[in-house]
Amino acid sequence: MEFLAAKGDYIRYFKRPLLLVLVCVIVLVCTDQDYYSLLGVSKEASSREIRQAFKKLALKLHPDKNQNDPNAHENFLKINRAYEVLKDEDLRKKYDKYGEKGLEDQQQGGRYESWHFYRYDFGIYDDDPEIITLDRGEFDAAVNSGELWFVNFYSPRCSHCHDLAPTWREFAKELDGVIRIGAVNCGDNRMLCRIKGINSYPSLYIFKTGMQPVKYFGDRSKESLKNFAMQYVTSTVTELWAGNFVNAIETSFASGVGWLITFCAERGDCLSYQTRLKLAGMLFLNSLDAREIYQEVMQHLPDFEIISAASLEDRLAHHRWLLFFQFGEGDKSNVQEFKKLKFLLKDEHIQVGKFDCLSSPTICNKLYVYQPCLAVFKGKGTGDYEIHHGKKILYDIVAFAKESVNSHVITLGPQNFPDKDKEPWLVDFFAPWCPPCRALLPELRKASKHLYGQLKFGTLDCTVHEGLCNMHNIRAYPTTVVFNQSDVHEYEGHHSAEQILEFIEDLRNPSVVSLTPETFAELVQRRKREEIWMVDFYAPWCGPCQALMPEWKKMARMLNGLISVGSVDCQKYYSFCHQENVRGYPEIRLFPQKSNTAHQYYSYNGWHRDAYSLRGWALGYLPQVSVDLTPQSFTEKVLNGKDHWVIDFYAPWCGPCQNFAPEFEMLARAVKGKVKAGKVDCQAYGQTCQTADIRAYPTVKFYPYQGTKKSPLGEYIDSRNAKGIADLLNEKLEAMENKGKRKKSRNKDEL
């Protein structure tokens, strides 16, 4: 029997006879769909659909409503666990990829709320069609789409939020179409609300492209909210009269702009100014109210240009285009709404058109278009384009078009798939129905802008190109892979541009050595006497291992030149890890400078696995470079000596001092040979610190030697970063050296 340590995040498993192992595998496969089936949703379900399904089940199965059922608690825990996983992008991806095995470190689902909470507080606006509930992955695309948004940031536990809800619903119905009305549940989206600076509920903000968000501070009546929002509807209502009528209309017609005119007598029945302003807002920002007039006007606006097969290549080679691919008449829903795209995309110089695939199936087949969709072409012909896989909603299409034309992600297929190209490629294997896949696409676009000219980006739809995905052994979505000629590297990080960029940087300049049993023996066990190694024993399916990976690489870069860092894949080298007595994943070991025992190591048992905590722990095993000073040695060596010194004044009980200690050791090594580094314990030597005017811990001071005895006050350094302090000290030394040269030069001139 083999036991994986039960502490913290560690994983348990038991080695059983073959029959039991087979049974376990079968159960894992069979339960792989359990979370979706438990909630009664498909794998394509959106966050809103998952919330709605869970709420319906929660009201039905909650133990408060089933007090005579002894299994009620256990049954509710199951659906609660399913909801906690599927509502979270990262956990959902792990579940889709590894099943429950990838979630064994996660403790969600063990607690739940009362029936009353799910009935009255849970997902307040999920059932309101006029209010768009925005999650973390949708928010930026929505508010940067060019449309005007009024967003309610709320908490389900906030009584004022519940008091506002009926008014917010009525307000949303009245302005539906004039502006977008949104809601963000800060209980489910804490990180998003924290980033946006939300510290009270409800917080109401206007978002408009090109201006800072504006917070609403007025009373929460429908009229006050409406008056505030209408200030930001920038469309204007022009008063026409005999003197300007002909000129205004002719000027507009010349520029391709039509008119909606209401004729009324001076004292007769006429549309109110605000009603006309709403109409103008609907016509140029969104839709609704005065609905019949609006729909009639929209019907008279010109439809998109139909691009012919003969002119397609030429048109796409010289302009940016957003093209709707249709098969015959196409879908009539939202057609009127989409006519606003010309206006919303004009600043990006994107033209909007339609192409009928029935007129030329060959062209659509070449572009891998087999059903109605839309795509952005970036002005370089049919080879540089991206198909839209998001919602067919105006704001989502606008956000996609703006992101896509300014990024460098293209749609791939068998004809243009990278095949041992000289240039490296990042390929995202995805399925359009997969929510984590859709969340990743905008992040890929952001990353592609930073790596233009260094790395090509492409996406491959595995529902269309199943054979190609099978050829590359793609078993879960999204799977993101970097192809660098014969080398293949799979990305396992979070869905963010920053993590992708860090992953690429690590590929270009690897900070972690991937160890095999042979290289482990050669590099670690037979290491040089003064060499130190840190090794992470991990399994790819292990959740804590995946969370550690980016931090491990970051730590390795921070320790570059001081400690060698490696990793061992225990799924690939299971026998070796078993032989090394690895009891759980991740297992972090430090192999110190060589003693008599080559196999001596220290295991990391700290709670935090971030780069800084791991680095601090590792630096504790390096020989100390800085010098511990006493009052006597401070006076003799620092104040009266002929060396430059940098001093860390600290107290042993001080938390920030303990955190800074490894940073100071890094500094000591960085300036070794130029500046000596010392530490003064202000708890033991209070008089020395008082003489140096130390008022807080830690305090860093520089004592440069300039030919005379140094002042005990020194030069205060306002930084706690080793590299920053080292750069500052080097600048000061260079300035002193240049000053000395100028002085010597003046003396020579005088002679």
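Scroll up a little and you will see the structure.
Just so you know, these numbers come straight off a predicted model, no measurement behind them. (Residues numbered from 1 in each chain as written. Predicted model: local features only at pLDDT ≥ 70, side-chain atom pairs only at ≥ 80, totals over all residues. Heavy atoms only, no water.)

A. Quick peek at the state of the cysteines. Tallied over the entire structure, the rule returns eight disulfides. Through a disulfide, Cys462 is tied to Cys469; the S-S separation comes to 2.0 Å. Disulfide Cys462-Cys469: the torsion about the S-S bond is -90°, which places it as left-handed. Neither Cys462 nor Cys469 differs from the other in exposure class; each is buried. With its sulfur 2.4 Å from that of its partner, Cys654 forms a disulfide with Cys657. With the S-S bond torsion at 85°, the cross-link from Cys654 to Cys657 turns out right-handed. Side by side, Cys654 and Cys657 carry an identical accessibility label, which is buried. In this model Cys373 remains outside any disulfide bridge; the closest cysteine sulfur is found in Cys357, 7.1 Å from its own. Of the residues examined, Cys373 reaches a relative accessible area of 12% and is grouped as buried. (Disulfide = S-S within 2.5 Å. Buried < 20%, exposed > 50% of the residue type's maximum accessible area, 1.4 Å probe, protein only.)

B. Up close: the environment of Ala165. Within the secondary structure, Ala165 sits in helix H8 (residues 159-175). Between the C-alpha atoms of Ala165 and Tyr125, which are 40 residues apart in sequence, the distance is 8.0 Å. When residues no more than four places from it in sequence are discounted, the contact partners of Ala165 are Ile124 and Tyr125. (Helix = DSSP H or I, 4+ residues; strand = E, 2+ residues; numbered from the N terminus. Contact = heavy atoms within 4.5 Å.)

C. Broad picture of the environment of Pro436. Relative to the assigned elements, Pro436 resides in helix H19 (residues 435-450). When its relative accessible area of 1% is taken as the criterion, Pro436 is described as buried. Sequence-wise, Pro436 and Lys94 are 342 residues apart; in three dimensions their C-alpha atoms are separated by 10.0 Å.

D. Looking closely at the sheet that holds strand E10 (residues 385-387). Across the sheet, which stays open at both edges, the five strands sit in the order E6-E8-E7-E9-E10 with mixed pairing between neighbours. The open sheet terminates on both sides in strands that have one partner only, identified here as strand E6 (305-306) and E10. One ladder, built from seven bridges, connects strand E7 (residues 320-326) with strand E8 (residues 350-356); its direction is parallel. Each residue of the ladder has a partner; that of Gln326, found in E8, is Asp356. Across the sheet, helix H14 (residues 309-318) lies against E6, E7, E8 and strand E9 (373-378), angled at about 150° from E7, the strand it touches most. (Pairing = 2+ DSSP bridges. Axes fitted to C-alpha atoms, helices over the stretch in contact; angles between N-to-C directions.)

E. The pairing of strand E15 (residues 487-491), seen in detail. In this sheet, E15 lies alongside strand E14 (residues 479-484) in antiparallel orientation, the contact comprising five bridges. Its bridge partner being in E15, Val482 is matched across the sheet by His489. The turn joining E14 and E15, which pair antiparallel and follow one another in sequence, is formed by two residues; a positive phi near 55° is taken by Gln485.

F. Region of interest: the sheet that holds strand E18 (residues 564-569). A sheet is described by the order of its strands in space; here five strands give the open sequence E16-E18-E17-E19-E20, paired in mixed fashion. Looking at which strands have only one partner, the edges of the open sheet turn out to be strand E16 (513-514) and strand E20 (602-603). Relative to E18, strand E17 (residues 533-538) runs parallel, the two sharing six bridges. Across the sheet, residue Trp533 finds its bridge partner in E18, namely Ser564. Of the strands in this sheet, E16, E17, E18 and strand E19 (587-591) are in contact with helix H22 (residues 517-525), which crosses E17 at around 155°. Sitting on the sheet, helix H23 (residues 543-558) touches E17, E18 and E19, and the angle it makes with E17 is about 165°.

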